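Structural characterization, general
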Amino acid sequence: MTAEDRASHITTAVLSGTGYGGVELLRLLRAHPAFALVEVTARSGQGQRVCEVFPQLPDVTVALSERVERAELVFVALPDHAAVAVVPQLLADGRRVVDLSAGFRLRDPALYPEW
């Protein structure tokens, strides 16, 4: 994707792109007409391209990184407790967030054991 193409799309990141949910997001986002995938984070493999880690995604050439720096929209594919720790800062940084975890689904944290 060229710089011109990115300018007409929503710059997007997947936080924790190497877990099950993250890989599914990558599969869906790679050809979506509205999004430009610019960042994918992972705990390991920084610097490797996604297609090197997941050969089934040969057209995802974004390198794995440690943090989100350029994306305006961030899909969070972290476990519940980890999402609760990072989502507030992403929002404070002015990013839009789609969180796949259950970390924010209930207003009262005491209800999580029940559900």
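Our structure's up above, just so we're on the same page.
Below: a short report on this structure. Remember, predicted model here, so these are calculated numbers, not experimental data.

Considering the sheet that holds strand 2 (residues 35-41)
- Taken together, the 5 strands give an open sheet; going across it, the order is 3-2-1-4-5, and neighbouring strands pair in parallel fashion. Where the open sheet ends on each side, the last strands, each with one partner, are strand 3 (64-65) and strand 5 (96-99).
- Summarising the sheet, strand 1 (residues 10-15) and strand 4 (residues 73-76) pair through 4 bridges and their orientation is parallel. Bridge assignment links Val-14 to a residue of strand 4, and that residue is Phe-75.
- Set on the sheet, helix 2 (residues 20-29) makes contact with strand 1, strand 2 and strand 4; between it and strand 1 the angle comes to about 160°.
- Packing of helix 4 (residues 80-92) onto the sheet brings it into contact with strand 1, strand 4 and strand 5, and relative to strand 5 it is tilted by some 160°.

Points about the layout of surface pockets
- Within this model, the largest pocket holds a volume of roughly 400 Å³.
- Lining the largest pocket are 18 residues, with Leu-15, Ser-16, Thr-41, Arg-43 and Leu-78 positioned closest to its centre.
- When residues in the lining of the largest pocket are grouped by element, the largest group, 4 residues, is from helix 4.
- Among the residues making up the lining of the largest pocket, the classes are represented as 8 nonpolar, 6 polar and 4 charged.

Thoughts on the pattern of salt bridges
- Across all of its chains, the model carries 6 salt bridges by this definition.
- Of the charged contacts in the structure, one is a salt bridge between Glu-39 and Arg-70, with a shortest N-O distance of 3.8 Å. With Glu-39 in strand 2 and Arg-70 in the loop between strand 3 and strand 4, this residue pair connects regions lying 31 residues apart in the sequence.
- Between Glu-69 and Arg-67 there is a salt bridge, with the nearest N and O atoms lying 2.9 Å from each other.
- The class of Glu-69 is exposed, set by a relative accessible area of 52%.

What counts and what doesn't
Within each chain, residues carry numbers counting from 1 in the order of the written sequence. Local features in a predicted model are, by the rule used here, given only for residues with pLDDT of at least 70; side-chain atom pairs are given and counted only at 80 or more, and totals for whole chains, interfaces and linings are based on all residues. No hydrogens and no water enter the side-chain calculation; it runs on all heavy atoms of the structure. One requirement defines pairing of two strands: DSSP has to find at least two bridges between them. Note on conventions: DSSP H or I runs of at least 4 residues are helices, E runs of at least 2 residues are strands, and numbering of each starts at the N terminus. Residue contacts follow a heavy-atom distance rule, with two residues in contact if any of their heavy atoms lie within 4.5 Å. Think of each axis as a best-fit line through the C-alpha atoms, taken over the contacting stretch in the case of a helix, with angles from 0 to 180 degrees between the N-to-C directions. Using a 1 Å grid laid over the protein atoms alone, points where a 1.4 Å probe fits but cannot get out form a cavity; open sets with protein on both sides within 12 Å along at least 5 of 7 lines form a pocket; any residue with an atom within 4 Å of a point counts as lining. Grid points are joined across faces, edges and corners, and a volume is the space filled by probe spheres set on the points. Three categories are distinguished: nonpolar for Ala, Val, Leu, Ile, Met, Phe, Trp, Tyr, Cys and Pro, charged for Asp, Glu, Lys and Arg, and polar for the others, with Gly belonging to the last. By salt bridge we mean one thing: a side-chain nitrogen of Lys or Arg within 4 Å of a carboxyl oxygen of Asp or Glu. Only protein chains enter the accessibility calculation, which uses a 1.4 Å probe; a residue whose area is less than 20% of its type maximum is buried, one above 50% is exposed, and one in between is partly exposed.

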